[in-house]
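What follows is the residue order along each chain.
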Amino acid sequence: MSLFKRKNIPTEVKSPATFSQGSLAELALRVIHDGVVITDGAGVIKFLNPAAVVMTECGSIENALGLDYDLIIKIESKEKREFLKEENPLIVSMSSFKALENFECILVSSLSDKRIPVSLSIIPVGGAENNRIITFRNIEKELKEESEQTEFISTASHEMRTPVASIEGYLSLALNPQTATIDERAKGYLTSAHEASQHLGRLFRDLLDVTKLDDNRMTPHLVPVEMISLTKRLSDEYAARFKEAGLNYVFGSHTNELMNSAHQIPQVAYSFVDTDFTREIIANLIDNAIKYSKAGGAVYVNAKGDGDHVLVSIADTGIGIPAKDLPHIFQKFYRADNSDTRTIGGTGLGLYLVKQRVEAMGGKIWAESTFGKGTTFYVSLPRISSEEYEKRMIAINNENQGGQQ
Amino acid sequence: MKIMVVEDDAALREIYSIRIAAEGYEVVSAGDGEEALAMAVREKPNLILSDVMMPKISGFDMLDILRSTPETASIKVIMMTALSADDQRERGERLGADRYLVKSQVGIEDVVNIIHEVLGDGANQDQAANVNPAQ
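What counts as what
- Residues numbered from 1 in each chain as written.
- Chains lettered and ligands numbered in written order.
- Predicted model: local features only at pLDDT ≥ 70, side-chain atom pairs only at ≥ 80, totals over all residues.
- Heavy atoms only, no water.
- Helix = DSSP H or I, 4+ residues; strand = E, 2+ residues; numbered from the N terminus.
- Buried < 20%, exposed > 50% of the residue type's maximum accessible area, 1.4 Å probe, protein only.
- Areas by Shrake-Rupley, 256 points an atom, 1.4 Å probe, with all protein chains shown as cover.
- Polar contact = N/O pair within 3.5 Å; in protein donor to acceptor, adjacent residues only side chain to side chain.
- Axes fitted to C-alpha atoms, helices over the stretch in contact; angles between N-to-C directions.
- Parallel < 35°, antiparallel > 145°, perpendicular 65-115°, else oblique.
- Left-handed = near helix turned anticlockwise from the far one by under 90°.
- Contact = heavy atoms within 4.5 Å.
- Nonpolar A, V, L, I, M, F, W, Y, C, P; charged D, E, K, R; others polar.
- Salt bridge = Lys/Arg side-chain N within 4 Å of Asp/Glu carboxyl O.
- Buried area = accessible area lost by both parts, 1.4 Å probe.
- Phe/Tyr/Trp six-rings, centres within 6.5 Å; stacked < 30°, edge-to-face > 60°.
- Pairing = 2+ DSSP bridges.
- Core = buried A, V, L, I, M, F, W, Y, C linked by side-chain atoms within 4.5 Å.
- Domains from an automatic or database assignment.

Once that is clear, we can look at the overall build of chain B. Secondary structure assignment for chain B yields 6 helices and 5 strands. Each of the 135 residues in chain B was classed as buried or not, and the buried ones make up 49%. Summed over its atoms, the accessible surface of chain B is roughly 5900 Å², and 46% of this surface lies on carbon and sulfur atoms.

Encoded structure:
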């Protein structure tokens with residue numbers, strides 16, 4: 001809440017000593033730049049401040065009093081998408097009497113087509129009237145700063161990638177007996193340097209991807225796909241890596257109860273996905289499964305239709321994730337901090353990128369884990385019917401005059 | 001067999017040239033598309049390994065000119081790019097690239113395997129085939 005944090009209160013406002021506490025509070029609400037709206041239990045507007053009038057363009061305080069809140073406060077997602085009614089956090093919070101804290105979205109003016117990025121909060125204050133306080137703060141400046149920062153990181157990563165690639169390249173020439181002769185000790189040192197340069201290269205690549213996904217420069221190119229065969233094809237590519245790591249790889253069956261229904265019947269489950277995104281997602285989750293598993297363990301990959309979703313799961317019997325870390329694993333640079341993980345290389349961006357890519361395709365990702373026993377990642381994507389799939393395939397084939405496949 | 005490496009970064013050009021020469025190929029190199037076109041006519045390489053993002057003439061424009069010039073039309077071309085966007089790949093394939101590689105997805109050893117595969121002279125063809133499965 002930033003109600004009382006504003007620094008730029010207009011100087012012409014003086015507060016004579018004669019003001020009572022109540023009128024001081026009213027004065028504060030009149031001058032702050034955050035929009036404040038108070039409703040009763042039914043969502044009827046009982047109070048709003050001048051900032052709320054300006055931001056919603058509802059004309060005047062008198063115009064808005066007595067109206068339902070949703071007539072003047074309309075929001076879109078940060079990506080400027082309309083919310084479905086049952087997924088609209090404003091409506092959900094208002095009808096459930098649950099608080100909403102600093103939710104970033106777009107405030108759409110009811111009069112013109114003006115859109116303001118805001119941080120929206122809703123505080124149920126209870127009492128006889130069941131009042132709710134709705135506040136919205138303009139975050140245009142913050143977002144601009146954020147995007148400038150993103151651009152800086154993007155440029156910096158891009159500039160650094162070329163020299164890193166040449167360091168890695170020269171080290172690989174030094175290590176290759178076809179191109180150089182070195183002694184055994186030098187070989188050890190250069191091998192470590194080569195691995196570090198590869199790590200650095202991955203870090204810059206991931207950073208670039210993060211900036212591209214963050215400011216929507218990398219958008220998914222969605223095509224209709226049969227997900228079970230795509231998942232199998234992508235994970236089968238890891239057969240050699242699984243073998244090398246001493247892990248048993250099973251596709252299509254699962255130890256987890258959630259997944260074991262109907263896995264015997266050959267199924268098809270169509271979705272509308274970006275194949276490059278899907279490749280990155282599955283590669284990253286399988287990489288993790290291998291990294292955090294010990295030889296003798298197993299990795300189970302599955303994909304199946306699940307109502308109106310396609311559910312892909314990747315389960316390992318590895319070291320697992322402690323319960324306290326589980327809610328944070330999709331955050332940037334979050335690493336579960338224990339001796340096992342510190343020795344395992346990673347950029348700290350992998351799962352964040354996986355989540356970004358899943359969400360960019362309209363999907364959801366979550367993980368279940370028992371520390372010491374293993375972890376299962378679930379990716380759920382919107383499913384399309386086989387008729388829808390056929391229809392879209394025909395459209396694409398017409399476009400490509402024969403298509404690629 | 002002669003291979004031409006086209007890459008504007010001098011260090012990467014040297015790395016690719018040395019590594020590819022180690023496979024027993026004769027290697028020539030160019031720093032931009034313009035130089036590459038002149039050299040392609042003069043040197044008649046069997047294969048060109050080229051970056052897409054280059055000053056003067058981009059890799060795509062170079063490929064377009066190569067394919068429409070009778071002396072160079074049949075040279076095998078492998079394009080490398082930092083961009084992974086599908087439309088870029090489609091453009092490369094439409095212009096007649098034999099392979100279109102995304103730099104972050106392939107290492108130098110993969111590139112060597114793919115060169116052998118495209119020229120059909122390698123022992124590692126099965127391995128190389130796995131590197132860049134058709135979409």
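Residue and element names in this part refer to chain B. Buried within helix α2 (residues 33-43) are the following residues: Gly 33, Ala 36, Leu 37, Met 39 and Ala 40. The N-capping residue of α2, defined by a side-chain oxygen 2.9 Å from the backbone nitrogen of Glu 34, is Asp 32. Looking one or two places after α2, you find Lys 44, whose phi comes out positive at around 45 degrees.

For the pair helix α6 (residues 140-175) of chain A and helix α1 (residues 10-21) of chain B, interaxial distance at closest approach is 9 Å and the crossing angle is 25 degrees. By the angle between their directions, the pair α6(A) and α1(B) is classed as roughly parallel. Handedness of the α6(A)/α1(B) crossing: left-handed. Contact residues: A:Thr162, A:Ala165, A:Ser166, A:Gly169, A:Tyr170 and A:Leu173 in α6(A); B:Ala11, B:Leu12, B:Glu14, B:Ile15, B:Ile18 and B:Arg19 in α1(B). Per-class residue counts for the contact of α6(A) with α1(B) are 7 nonpolar, 3 polar and 2 charged.

Here A:Ser93 shows up in helix α5 (residues 89-96). Apart from residues lying up to four places away in sequence, A:Ser93 is in contact with A:Lys98, A:Ala99, A:Leu100, A:Ile122 and A:Arg132.

Enumeration over the complete set of coordinates arrives at 23 salt bridges over all chains. A salt bridge links B:Lys2 to B:Glu43, with the shortest nitrogen-to-oxygen separation between them at 2.7 Å. Residue B:Lys2 is found in strand β1 (residues 2-6), and its partner B:Glu43 is found in helix α2; the two are separated by 41 residues along the sequence. Exposure remark for B:Lys2: the relative accessible area of 14% places this residue in the buried category. Residue class for B:Glu43 comes out partly exposed when judged on its relative accessible area of 23%. Among the ionic contacts, a cluster of salt bridges with common partners joins A:Glu76, A:Asp113 and A:Arg115.

We now examine the interface of chain B and chain A. Across the contact, 20 residues belong to chain B and 20 residues belong to chain A. Note on chain B versus chain A: buried area summed over both sides is about 1800 Å², and carbon and sulfur give 49% of it. Between the two partners, chain B and chain A, sit 0 salt bridges. The interface formed by chain B and chain A holds 3 residue pairs in polar contact (both at pLDDT 80 or more) in total. For the side of chain B that touches chain A, the secondary-structure elements that each account for two or more residues are α1, α4 (86-94) and α5 (108-119) of chain B. Among the elements that take part in the side of chain B that touches chain A, α1(B) stands out by supplying 6 residues, more than any other. Looking at side-chain class alone, the side of chain B that touches chain A contains 9 nonpolar, 4 polar and 7 charged residues.

In this section: the packing of aromatic side chains. Tallied over the entire structure, the rule returns 7 aromatic pairs over all chains. Centre to centre, the rings of A:Trp366 and A:Tyr378 are 5.3 Å apart; their planes meet at 20 degrees, and the pair counts as stacked. Of this pair, A:Trp366 sits in strand β12 (residues 364-370) while A:Tyr378 sits in strand β13 (residues 374-384), and the two are 12 residues apart along the sequence. For A:Trp366, a relative accessible area of 32% translates into the label partly exposed. Seen from their ring centres, B:Phe60 and B:Tyr100 are 6.3 Å apart, and the 0 degrees between their planes marks the pair as stacked. Of the two residues, B:Phe60 sits in helix α3 (residues 59-68) while B:Tyr100 sits in strand β5 (residues 99-102), which places them 40 residues apart along the sequence. When sorted by exposure, B:Phe60 lands in the same class as B:Tyr100, which is buried.

Turning next to unusual backbone geometry. All names here are of chain A. Residue Glu 57 is not a glycine yet carries a positive backbone phi of 55 degrees. Along the chain, Glu 57 turns up in the loop between α2 (50-56) and α3 (61-64). Positive phi, close to 55 degrees, is recorded for Asn 130, a residue that is not glycine. Here Asn 130 lies in the loop between β5 (115-126) and β6 (131-138).

Turning to the pairing of strand β11 (residues 309-316) of chain A, a few remarks are in order. For a regular strand, side chains alternate in direction, first toward one face of the sheet and then toward the other. Residues and elements named next belong to chain A. In terms of residue burial, β11 counts as a mostly covered element, since 7 of its 8 residues are buried. With 8 bridges joining them, strand β10 (residues 298-306) and β11 adopt antiparallel strand pairing. Residue pairing across strands places Asp 306 opposite His 309, the latter belonging to β11. Joining the antiparallel neighbours β10 and β11 is a turn of 2 residues, in which Gly 307 adopts a positive phi near 65 degrees. In terms of strand pairing, β11 meets β13 through 7 bridges, oriented antiparallel. The residue bridging Val 310 from the neighbouring strand is Leu 381, located in β13.

All names here are of chain A. Membership of the largest hydrophobic core comes to 46 residues, with the highest contact counts inside it found for Leu 285 and Phe 377. For this core, the elements supplying multiple residues, two or more each, are α7 (184-214), α8 (227-236), α10 (275-291), β10, β11, α12 (350-360), β12 and β13. The biggest single contributor to this core is α10, with 8 residues. Each of domain 2 (143-214) and domain 3 (223-400) accounts for three or more of the residues forming this core.

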